[in-house]
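Chain by chain, the residues:
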Amino acid sequence: MIGVLVSGEGTNLQALVDAGLPIAAVATNRRDARALARVDVPAASFELADFEGREARDAAMAEWLKEHGVKLVVLAGYMHLLTPAFLDAFPDAVVNVHPSLLPSFPGAHAVEEQLAAGVAESGATVHLVDEGVDSGPILAQERVPVLPGDTAETLHERIKSVEHRLLPKVVGELCAR
Ligand code: GRF
């Protein structure tokens with residue numbers, strides 16, 4: 001059973017839903033995340049301000065997911081780093097999707113930074129999550145061209161259309177292992 005962590009729009013969550021993957025629960029660090037409206041499964045928000053700190057928040061979030069039978073966690077646009085309090089509860093079972101060809105351009109502003117750097121090629125990466133910023137072992141990667149006149153919006157949309165194919169494929173394979 002899959003637990004999905006979201007912070008924003010949730011188009012990757014939608015792709016997991018559309019692929020028919022077994023989503024047991026959705027958690028967010030932002031209770032106003034639009035992603036929450038995309039699913040009809042148990043959902044809960046774990047806003048940092050409601051806890052003593054990141055470790056306490058992450059421990060509570062991990063416990064809640066486990067209570068819902070979650071074995072594999074997918075970060076689908078989840079914009080906070082996870083502490084060992086969370087990662088140790090799901091060893092080698094937390095994956096993230098990121099809009100660049102990692103290890104190039106990690107971080108929250110990857111699309112803007114790739115455009116500013118003038119790269120000819122971007123991409124989408126699915127990787128296992130560790131404590132670092134988009135630094136865990138890479139599971140799958142696909143190239144995406146940068147086109148003349150691209151803005152951050154047009155490039156990000158092109159990358160996301162690849163993410164929406166790549167993420168469900170990798171997650172499906174992990175579920176089958
Ligand atoms: C995606 O580009 C993902 O790679 C990055 O955040 C974005 C989330 O988009 N980590 P959405 O919320 O799934 O629409």
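Right above here is the structure, for reference.
So, here is what we can say about the structure in this document. None of the values given here were measured: they were computed from a predicted structure. (Residues numbered from 1 in each chain as written. Predicted model: local features only at pLDDT ≥ 70, side-chain atom pairs only at ≥ 80, totals over all residues. Heavy atoms only, no water.)

## So, the environment of A120
What counts here: Numbered from the N terminus, helices here are DSSP runs of H or I no shorter than four residues, and strands are runs of E no shorter than two. Burial classes follow relative accessibility: with a 1.4 Å probe on protein chains only, a residue under 20% of its type's maximum area counts as buried, one over 50% as exposed, and anything between as partly exposed. Pairs of residues are marked as contacts when any of their non-hydrogen atoms sit within 4.5 Å.
As for its placement among the helices and strands, A120 is situated in the loop between α4 (110-117) and β6 (121-128). Of the residues examined, A120 reaches a relative accessible area of 64% and is grouped as exposed. Between the C-alpha atom of A120 and that of I138, which follows or precedes it by 18 residues, the distance is 21 Å. Once you skip the residues sitting within four places of it in the chain, A120 turns out to touch P145 and V146.

## Examining a negative patch on the surface
Test applied: Patch rule: a residue counts if its relative accessible area is over 30% and it has no salt bridge; like charges are joined within 9 Å, and nonpolar side chains (Val, Leu, Ile, Met, Phe, Trp, Tyr) within 5 Å. Areas reported here follow the Shrake-Rupley algorithm with a probe of radius 1.4 Å; residue values treat only the protein chains shown as occluding. The term salt bridge refers to a side-chain nitrogen of Lys or Arg lying within 4 Å of a carboxyl oxygen of Asp or Glu. Charge counting treats Lys and Arg as positive and Asp and Glu as negative, with His and both chain ends excluded. Charged side chains are reduced to one point each, which is NZ for Lys, CZ for Arg, CG for Asp and CD for Glu.
Taken together, E112, E113, E153 and E157 make up a surface patch of like negative charges. Mapped onto the elements, E112 comes out in helix α4. Owing to a relative accessible area of 43%, E112 belongs among the partly exposed residues under this scheme.

## Description of the packing of aromatic side chains
Selection rule: Any Phe, Tyr or Trp ring, taking Trp's six-membered ring, that has another such ring centre within 6.5 Å forms a pair; planes under 30 degrees apart are called stacked, those over 60 apart edge-to-face, and the others tilted. Charge-over-ring placement is defined geometrically: NZ (Lys) or CZ (Arg) within 6 Å of the ring centre, and within 35 degrees of the ring normal.
Tallied over the entire structure, the rule returns three aromatic pairs. Relative to F51, the ring of F46 has its centre 6.2 Å away and its plane inclined at 20°; by these criteria the two rings are stacked. An aromatic cluster is defined as three or more aromatic residues linked by ring pairs; in this entry it consists of F46, F51 and W64. Here the guanidinium or amino end of K66 rests over the ring plane of F90, the centre of that ring lying 4.7 Å away.

## Looking at the site of the ligand
To be explicit about the condition: Definition of nearness: a residue and a molecule or strand are near each other if at least one heavy atom of the residue lies within 4 Å of the molecule or strand. For the purposes of these results, a polar contact is taken to be a pair of N or O atoms within 3.5 Å, where, inside protein, one atom must be able to donate a hydrogen and its partner to accept one; residues adjacent in sequence count only when each atom of the pair is a side-chain atom. Throughout, the protein atoms alone are placed on a 1 Å grid, and a set of points is a cavity if a 1.4 Å probe fits but cannot get out or a pocket if it is open with protein on both sides within 12 Å along at least five of seven lines; lining residues have an atom within 4 Å of a point. Molecule-in-pocket calls rest on the fraction of atoms, with more than half required to lie within 2 Å of the cavity or pocket grid points.
Around the ligand, the neighbouring residues are E9, G10, T11, N12, G77, V97, H98, P99, H156, K160 and E163. Interatomic distance of 2.8 Å between a backbone N/O atom of G10 and an oxygen atom of the ligand. Here a nitrogen atom of the ligand sits 3.0 Å away from a polar atom, N or O, in the main chain of V97. When isolated, the ligand has an accessible area of 370 Å², and the protein chains bury 91% of it. Under a 2 Å grid-point criterion requiring more than half of the atoms, the pocket assigned to the ligand is the largest pocket. Only α1 (11-18), β5 (94-98) and α5 (152-176) provide two or more residues apiece to the shell around the ligand. Per-element accounting of the shell around the ligand gives the leading share, three residues, to α5.

## Looking at the side chain of T28
One can find T28 in strand β2 (residues 23-28). Those residues within four positions of T28 in sequence are excluded, and the remaining contacts are V6, S7, A33, L36, A44, S45 and F46.

## Some words on the pairing of β2
The side chains of a regular strand alternate, first on one face of the sheet and then on the other. To be explicit about the condition: The rule for pairing is simple: two strands pair if DSSP sees at least two bridges between them. Crossovers are marked right-handed if the path from the first strand over the helix to the second runs clockwise, as seen with the strands pointing away from the viewer.
Most of β2 is tucked away: six of the six residues are buried. Examined bridge by bridge, strand β1 (residues 2-6) and β2 share five bridges and lie parallel to one another. By the bridge assignment, I2 is partnered in β2 with I23. Once you follow β1 into α1 and on to β2, the crossover reads as right-handed.

## Side note on the pattern of salt bridges
All chains considered together, the criterion is met by nine salt bridges. The salt bridge involving E47 is made with R31; its shortest N-O contact spans 3.6 Å. Pair noted here: E47 is in the loop between β3 (43-45) and α2 (54-67) and R31 is in the loop between β2 and β3, with a separation of 16 residues, a long-range link. Using a relative accessible area of 48% as the deciding quantity, one classes R31 as partly exposed. The partner of K169 in a salt bridge is E173, with the nearest N and O atoms 3.4 Å apart. In this pair, K169 and E173 are both assigned in helix α5, four residues apart and thus about one turn of the helix distant. The exposure class assigned to K169 is exposed, which follows from its relative accessible area of 52%. Judged by relative accessible area, which is 46%, E173 ranks as partly exposed. Put simply, R31, E47 and D50 are held in one network by salt bridges that share partners.

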